[in-house]
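Here are the chains, one letter per residue:
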Amino acid sequence: MPRLCENASIPLSPGDITASTLPLMPVEHAIRATGLTKRYGDFTAVDGIDFTVNRGESFGLLGPNGAGKSTTMRMIAAVASRSAGTMSVAGLDPEQNGPEVRARLGVIPQQDNLDEELSVRENIIMYGRYFGLPRRWLNAKTEELLEFAQLSHKATARVEDLSGGMKRRLTIARALVNEPEILLLDEPTTGLDPQARHILWDRLFRLRESGTTLVLTTHHMDEAEQLCERLIVVDEGRIMAEGSPAGLIRDHSTREVLELRFGMDRNQEQAQQLTALLSSGAASANGAAAADVGVGVGVGVGFSHVEVLPDRLLVYAGSAESALEQIHAAGLRPMTSLVRRSSLEDVFLRLTGRTLVD
Amino acid sequence: MSTDRLTADPELQQPVSQAADKQTMAGRARRFGALHQAERTLRSMRAYGTVILFSSVSQPIMYILAMGLGLGVLVGEGGDFAEYGASSYLMYIAPAILASTVAMAAGIEFTFPVMEGFKWRRLYYGAQASPLSPGQIASGHILAVSVRFGIHAAIFTVVLYLFGAISSPLGVLMIASAMLGGLAIGLPIMAYVSTLRDEKGQMSLIQRFVIMPLFLFSGTFYPLTNLPGFLQVLGWFSPIWHANELGRVLAFGQPSPAWLILLHVLYLLGITVAAWLATVRIFTRRLGLEEWRGRTPGAKADAKRQERLAVKDAADSTAPGGAAPDSTALPRIAFRRGFGANYYSGNIRAVFGRGLTAIRNNRGVIFLSGLLEPVLFLTSFGLGISPMIAGVDAEQVGLRGGGTISYAAFIAPALLAVSAMNGAIFDSTWNVFFKLKITKLYRTMMSTSLGPVDVAVGEICLALFRGGIYALGFIGVLLVGGLIDPLAAVLMWFTALFVALGFASVGMAVTSFMTRFQQMDWMMMVLMPMFLFSATLFPISVYPAGVQAFIQALPLWHAVELMRDIAFWDFSGLTLVHIGYYLVMIVVGLALTTYRMKKLFLR
C-alpha cells in the first residue's frame, strides 16, 4: 500500500541533514538505518526498512509476532549482522564496533535473563563489571538503581524469589548500570499483570524525561500509545506506516469504533446490512443535519466502513453512539455492543487487514 | 419424542465420545491409573531411547573388554576366583557390572525426572488435575523406570551370555536381582528427592556422595573382603553389594549359605517396599489435599549467606569513596581499539569474577565434592585390587629401570589425569551448555561491551581454576600417602592444569555445536570408554597392537602417560609427543571455540 506509506512518512529533521553534510558536528540522530535487510536462508525477516531515531526521542516498533521487530532490535544491539543496508548507532557501525556500540546501549530483552546464581545486588554489580566499570563506583550506582527499581528491600534476595514484576524491574535497572544513551526494550511489559505494568511505565516515563533515547517493540497498542512519541508499524519485515500514535489514528481510522456481536453465524450478513444502513443514514443525515440539531439520531455519524472479525463487527464512525442509535432505530438487535475510542489496533487492522493479537 | 427413541434404540444409546461416560472413566483411572502414568513416562523416555539402547549394548561390551580382559590380565586367571566358583576374573565381575550399571541408571532416573515433575516442568501437577491419585503418579514413575531397568538388564545379560561370561542358565534371573538392586538404591533416593522444593546441587551431591561410594565399595571389581574392616561395613549397607552377591550366586553358583542368600533378598525387598510406601506417602502429601510444598534444602545456609552479603554490602557502602560525590559521574567505559576490537574488549576479568561469585553463592560442599571422586577411586582400587596383584611390572608399562611398582602407585598418576579431564570437561560441557541454552547467560554477557573472546577465555579460566583446586587436593592425598615425591607433585600440578586446558578448550568447542540434552548424553558416552581403555587401571600392553594404536590416538592416554613419566621420573622423546598433542588440542580448541562464539552471538 504505497499510498498509506506516503501519507505517513515524516520529513527528516534538520538535525539529520546537518549531521550528514557536516561530519564534525555531533550526531543528532541516535539510530539511522537505510535499506536494512536481514535474511535467514530463503526467509526474509526484515525487508529493506529505513528509519531514523532522534536523540532523546521515544520510538516504537509496532507489529504482530514475527514481523521482524526483534531481529531489527538485535541488529541495532550489535548481536546480529545485516544482510544488506547500512546502520549507524550513536554514529558507529554496530557490525564493526560491537563492544563500543554496546557500551552505549542498555538492552532489555523480551525474556528476563537474570543471573539466577547471583543475588539481586550482585546481578547489577556484575553486569556493570562486564562494562569494565570499577567496583567502587558500582557499589554506589547499584544503590541508586535499586532505589529506582523499588528493590532496595530485596537487595540480598535470590533472583528466583522475586515476583515477575520485580524481575522485570531488575532487568531494567541492570540495563541502566552503564548509563546508556539508548535503551532498547523488547516487549517490556508482556506477561505482566496490570499493576506491575503501570509501575514499569512510570519508570520508563522518568527515563524519557531524563533524556534517554528509548526504542521499544511491542504488540500492545496501549503500550505504544502510552510510551511512544513516534512509531513505525511493521508487518512481514516492511514498514506499513510511520507517525505519532495520535497522527496514525487520525490518518488511518475514525475517531470512534462501535463493536457489535450478532453471534458467530450472522456477522457477515449483518455487515452488509449495516453498511447499507449507515451509508444511506450518513447521506440523509447530512441533509437533515441543520433541522435536527440536538435530536441526536442521524447527526454526524461520520460512518467510514465496517470490519468483519470472526467473533464481532467493528463499525468505524466519527460518533459511534449515534451509529448505535441508528442501528437500534432500524430494528437491529445486536447481542452486545461497545462504544470506544479508536486505537492503534484499528490502525493496524486497516493497514494489514489482520488483527495484532494472535 | 426423540428422547423416547433414544432410550428405545440401543444403537443410539452408545455415548457419543469415549469421554462421555464419566463413571467408567473414573473407574478405569482408579484401577489402571499407575499404568497410564507409566505409559506417559515411558513415552517421554523414547526421546532418548537410542541412547538407552546403545548404552545397554555397549556398556557390557566395554566393561568386558576393559575390566574383564584388561584388568583380568593383571589380576591373573583362574586360581584366585575358583573359591568363589568363577572360572575367570571376567566371569567374577560380570554379574556385579550388571547390577552396578542398573544402580547408576537408578541414580539418574529417580532424581532428575522427579525434580522435573515437581519443579522444572511441573509434569506431576498436570497429572494431578486428572483422575489419577498421587500414589498412582508415584507408582507409575517407578513402574516405568522398572521397565527401563528390565530392558537394560535383559540386553546386558544376552551380551554376557554371548561372551560366555555366564555359566549357569539361572543367570537369566539376574535380570530380576539387578532390577531389585536398582529399586533398592533408587527408591530411597526418589523418596528424598520428592521432598525437595528446590534443587540446589542436591542431584550432583547424590551422585558423588551416595551412588559413587556405594558403587566403589560394594565389591564390584573384587571380593568385599579385600577391603579393610570399616570399608566392608559400608559394603554391607550398600544395596549394590547385595545385588552383586545375588547375581554371582545365580550366574556361576558362587557358594553361599542359604541364610545369606535369603538375607540378600530380604534386605533388597525390605528397602524397596519401605521406600516405595514412603514415596507414595510423600507424593500424596505434595499432590494431595494437603498441598505440602516440600522442603527448601539449605534454607538455613541461605539465610546465613544473605546475612553475610548484607554485612559485606554495608561495609562496601561505608568504604572510603564509596558514595563520594565525585564518583557519581559515569567513569569512562574503556574498550580496546585496533586488532580484533570487535571480538575482544580486554575484560576477561569480569567473566571470571562472575564465576567466582557464583561458586561462592553455591554451597561449598558441592564445590568440594569434586575433590572426593579421585580419592574414592584411589581408595577403592588401591586397597581392593592390590591384594590380588603382586605389583605392576615396570617393563610391562614401558618404564625403564625395571622392578615392580605397587598397584596404587601405578594408578595414582593416571587418576590425577582422569580427574583433571573430568573437572575440565564438566565445567566446559555441562556448565557451558546450561549457560548457552538454558540460562542464556552468554547472551546477557554479549549484550554488554564484552566480546565473544572475553566470554570464551573467561569461562575456560574458570574451568582451570576449579580443576587446579581439585588437582591440588588430590596431589595432597598422594603426597600424604607417599605415592609421589614433592618435586613430582609440583610438576604434576602444572601438568594437570595443562591437561585441563586442553580438555576445556576442546570440550567448549564441541559443546558450542550442541543443541539438545540428548546430544550431551552422546558426548558422555564417548568419555566413558576413554576412561576405561586409556591405560588408567591396567597397562595398555594387554591389548593387541591394533587396539593399542587406537588408544594411543586418544587424548586421555597421552595425559596418563605424561603424568606417569613425571611420577616415575622417566622422560623420553615420547614425553615431548604428549606435550605436543596437548598444545595442538589447546590451539585448535581455542580457535574453534572463538569461531563458534562469533557464529552464535554475532549472527
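Residues numbered from 1 in each chain as written. Chains lettered and ligands numbered in written order. Predicted model: local features only at pLDDT ≥ 70, side-chain atom pairs only at ≥ 80, totals over all residues. Heavy atoms only, no water.

### Concerning helix H6 (residues 89–109) of chain B
Taking 1.5 Å per residue as the helical rise, H6(B) with its 21 residues ought to reach 30 Å, and the 30 Å between its terminal C-alpha atoms agrees with that figure. In terms of burial, H6(B) is largely enclosed, as 19 of its 21 residues are buried. (Helix = DSSP H or I, 4+ residues; strand = E, 2+ residues; numbered from the N terminus. Expected span 1.5 Å × (residues − 1). Buried < 20%, exposed > 50% of the residue type's maximum accessible area, 1.4 Å probe, protein only.)

### Structural notes on the sheet that holds strand E2 (residues 43–54) of chain A
Residue and element names in this part refer to chain A. Spatially, E2-E1-E4 is the arrangement adopted by the 3 strands of the open sheet, whose pairing is antiparallel. Edge strands, defined here as strands with exactly one partner in the open sheet, are E2 and strand E4 (84–89). This sheet shows a mean twist of 15° between the axes of neighbouring strands, independent of strand direction. (Pairing = 2+ DSSP bridges. Axes fitted to C-alpha atoms, helices over the stretch in contact; angles between N-to-C directions.)

### Considering the environment of Asp521(B)
Residues and elements named next belong to chain B. Mapped onto the secondary structure, Asp521 falls in helix H23 (residues 517–533). Placed 83 residues apart in sequence, Asp521 and Ile438 show a C-alpha to C-alpha distance of 16 Å. If near-sequence neighbours (up to four positions away) are discounted, Asp521 is found in contact with Val51 and Trp430. (Contact = heavy atoms within 4.5 Å.)

### As for the UniProt feature "domain: ABC transporter" (unreviewed entry) in chain A
What UniProt calls "domain: ABC transporter" (unreviewed entry) maps, in this numbering, to residues 31–261 of chain A. Its end C-alpha atoms 44 Å apart, residues 31–261 of chain A is made of 35% helix and 29% strand. (UniProt positions renumbered as here; feature names shortened; annotations may be inferred.)

### Focus: the environment of Leu180(B)
Within the element layout of this structure, Leu180(B) appears in helix H10 (residues 174–193). Once residues within four sequence positions are removed from consideration, Leu180(B) is found in contact with Val265(B), Leu268(B), Leu269(B) and Thr272(B).

### Considerations on the packing of aromatic side chains
Residue and element names in this part refer to chain B. Inspection of the entire model under this criterion finds 24 aromatic pairs over all chains. On the basis of an interplanar angle of 90° and a centroid distance of 5.9 Å, the ring pair of Phe352 and Phe465 is categorised as edge-to-face. One end of the pair, Phe352, is in helix H16 (residues 348–361); the other, Phe465, is in helix H21 (residues 452–480), and 113 residues separate them in sequence. Note on Phe352: relative accessible area 24%, which makes it partly exposed. With centroids separated by 6.1 Å and ring planes inclined at 50°, the aromatic side chains of Phe498 and Tyr582 adopt a geometry described as tilted. Of this pair, Phe498 sits in helix H22 (residues 486–511) while Tyr582 sits in helix H26 (residues 573–601), placing them 84 residues apart in sequence. Here the two residues Phe498 and Tyr582 agree in accessibility, since each one is buried. An aromatic cluster is present here, built from Phe215, Phe221, Phe377, Phe381 and Phe531 joined pairwise through their rings. The residue whose ring lies beneath Arg596 is Phe513, and the NZ or CZ to ring-centre distance is 4.1 Å. (Phe/Tyr/Trp six-rings, centres within 6.5 Å; stacked < 30°, edge-to-face > 60°. Lys NZ or Arg CZ within 6 Å of the ring centre and 35° of its normal.)

### Some remarks on the confidence of the model for chain A
Residue and element names in this part refer to chain A. Residues at a pLDDT of 70 or more form 86% of chain A, whose mean pLDDT is 82. Element-level mean pLDDT values for chain A span from 35 in helix H2 (residues 14–21) up to 94 in helix H5 (residues 120–130). Contacts of residues 1–25 to residues separated by more than four positions or lying in other chains number 27 contacts, the stretch itself having pLDDT below 50. This stretch, residues 283–299, has a pLDDT under 50; its non-local contacts, to residues over four places away or in other chains, come to 9 contacts. (pLDDT = per-residue confidence, 0-100.)

### Here we look at H5(A)
Burial of H5(A) is extensive: 11 of the 11 residues sit out of reach of the surface. Of all the residues in H5(A), the buried ones are Val120(A), Arg121(A), Glu122(A), Asn123(A), Ile124(A), Ile125(A), Met126(A), Tyr127(A), Gly128(A), Arg129(A) and Tyr130(A).

### Some details on the packing of H5(A) against helix H7 (residues 164–175) of chain A
To characterise two packed helices, one gives the angle between the axes of the helices and the distance between these axes. Residues and elements named next belong to chain A. Where H5 contacts H7, the axes come no closer than 9 Å and their chain directions differ by 30°. Classified by the angle between their axes, H5 and H7 sit roughly parallel to one another. Here H5 runs over H7; the crossing is right-handed. Between H5, through Val120, Asn123, Ile124 and Tyr127, and H7, the contact on the second element is made entirely by Leu170, Ala173, Arg174 and Ala175. (Parallel < 35°, antiparallel > 145°, perpendicular 65-115°, else oblique. Left-handed = near helix turned anticlockwise from the far one by under 90°.)

### A few points about the packing of helix H18 (residues 407–428) of chain B against helix H25 (residues 555–567) of chain B
Residue and element names in this part refer to chain B. For the pair H18 and H25, the least separation of the axes is 8 Å and the interaxial angle reads 135°. Comparing their axes, H25 and H18 come out oblique. Seen from above, H18 lies across H25 with right-handed handedness. Taking contact as the criterion, the partners of Phe410, Ile411, Pro413, Ala414, Leu416, Ala417, Val418 and Met421 in H18 are, on H25, Leu556, Ala559, Val560, Met563, Arg564 and Ala567. Residues belonging to the contact of H18 with H25 are distributed by class as follows: 13 nonpolar, no polar and 1 charged. (Nonpolar A, V, L, I, M, F, W, Y, C, P; charged D, E, K, R; others polar.)

### Some remarks on the pattern of salt bridges
Residues and elements named next belong to chain A. One pass over the full model with this rule turns up 31 salt bridges over all chains. The partner of Glu181 in a salt bridge is Arg104, and the shortest N-O contact between them spans 3.2 Å. Residue Glu181 is located in the loop between H7 and strand E6 (182–186), and its partner Arg104 is located in the loop between helix H4 (98–103) and strand E5 (105–108); the two are separated by 77 residues in the primary sequence. Here Arg230 ties to Glu242 by a salt bridge, and the two come within 2.8 Å at their closest N and O atoms. One end of the pair, Arg230, is in strand E8 (residues 230–235); the other, Glu242, is in strand E9 (residues 238–243), and 12 residues separate them in sequence. Given a relative accessible area of 9%, Arg230 falls into the buried group. Among the residues examined, Glu242 registers a relative accessible area of 14% and is labelled buried. Where salt bridges share partners, they join Glu259, Arg261, Asp311, Arg312, Arg340 and Asp346 into one cluster. (Salt bridge = Lys/Arg side-chain N within 4 Å of Asp/Glu carboxyl O.)

### Some remarks on the side chain of Thr171(A)
Residue and element names in this part refer to chain A. Topologically, Thr171 is positioned in helix H7. You can call Thr171 buried: its relative accessible area is 0%. Within the local environment of Thr171, its side chain forms a polar contact with the backbone oxygen of Lys167, the two atoms lying 2.8 Å apart. Apart from the residues lying within four places of it in its own chain, the contact partners of Thr171 are Ile108, Pro109, Asp112 and Leu114. (Polar contact = N/O pair within 3.5 Å; in protein donor to acceptor, adjacent residues only side chain to side chain.)

### Section: unusual backbone geometry
The backbone of Glu236(A) shows a phi angle near 50°, a positive value even though the residue is not glycine. Looking at the secondary structure, you find Glu236(A) in the loop between E8 and E9.

### Some words on the domain arrangement of chain B
Residues and elements named next belong to chain B. Partitioning chain B into domains gives domain 1 (49–300) and domain 2 (348–601). Taken over C-alpha atoms, the centre of domain 1 sits 28 Å from the centre of domain 2. Across the contact, 37 residues belong to domain 1 and 34 residues belong to domain 2. Counting the surface lost from both domain 1 and domain 2, the interface buries some 3000 Å², and carbon and sulfur atoms represent 80% of this. (Domains from an automatic or database assignment. Buried area = accessible area lost by both parts, 1.4 Å probe.)

### Observations concerning a nonpolar patch on the surface
Residue and element names in this part refer to chain B. Taken together, the side chains of Leu65, Leu69, Val158, Leu162 and Phe163 make up a nonpolar region of the molecular surface, amounting to roughly 470 Å² of accessible area. Secondary structure elements with two or more residues in the nonpolar patch: helix H4 (49–75) and helix H9 (134–162). Tracing the sequence through the fold places Phe163 in the loop between H9 and H10. In this structure Phe163 comes out as partly exposed when scored by relative accessible area, which is 40%. (Patch = residues over 30% accessible without salt bridge, like charges linked within 9 Å, V, L, I, M, F, W, Y side chains within 5 Å. Areas by Shrake-Rupley, 256 points an atom, 1.4 Å probe, with all protein chains shown as cover.)

### A look at the interface of chain A and chain B
Listed as interface residues are 44 residues of chain A and, on the opposing side, 48 residues of chain B. Summed over both partners, the interface of chain A with chain B comes to about 4000 Å²; 49% of that surface belongs to carbon and sulfur atoms. Between chain A and chain B we count 2 salt bridges in total. Measuring nitrogen to oxygen at the nearest pair gives 2.9 Å for the salt bridge that ties Glu117(A) to Arg354(B). At the junction of chain A and chain B, the tally comes to 10 residue pairs in polar contact (both at pLDDT 80 or more). Residue assignment for the side of chain A that touches chain B shows that the elements contributing at least two residues are strand E1 (29–40), H4, H5 and helix H6 (135–148) of chain A. With 6 residues, the single largest contributor to the side of chain A that touches chain B is H5(A).

### A closer look at the pairing of strand E7 (residues 213–218) of chain A
All names here are of chain A. In terms of burial, E7 is a largely internal element, 6 of the 6 residues being buried. Going residue by residue along E7, you find Thr213, Val215 and Thr217 tucked away on one face and Leu214, Leu216 and Thr218 tucked away on the opposite face as well. Where strand E3 (residues 58–62) meets E7, 5 bridges bridge the pair, whose relative direction is parallel. Bridge pairing in E7 links Leu62 to Thr218. Where the polypeptide runs from E6 across helix H8 (residues 194–209) and back to E7, its parallel neighbour, the crossover connection is right-handed. (Right-handed = clockwise from strand over helix to strand, strands pointing away.)

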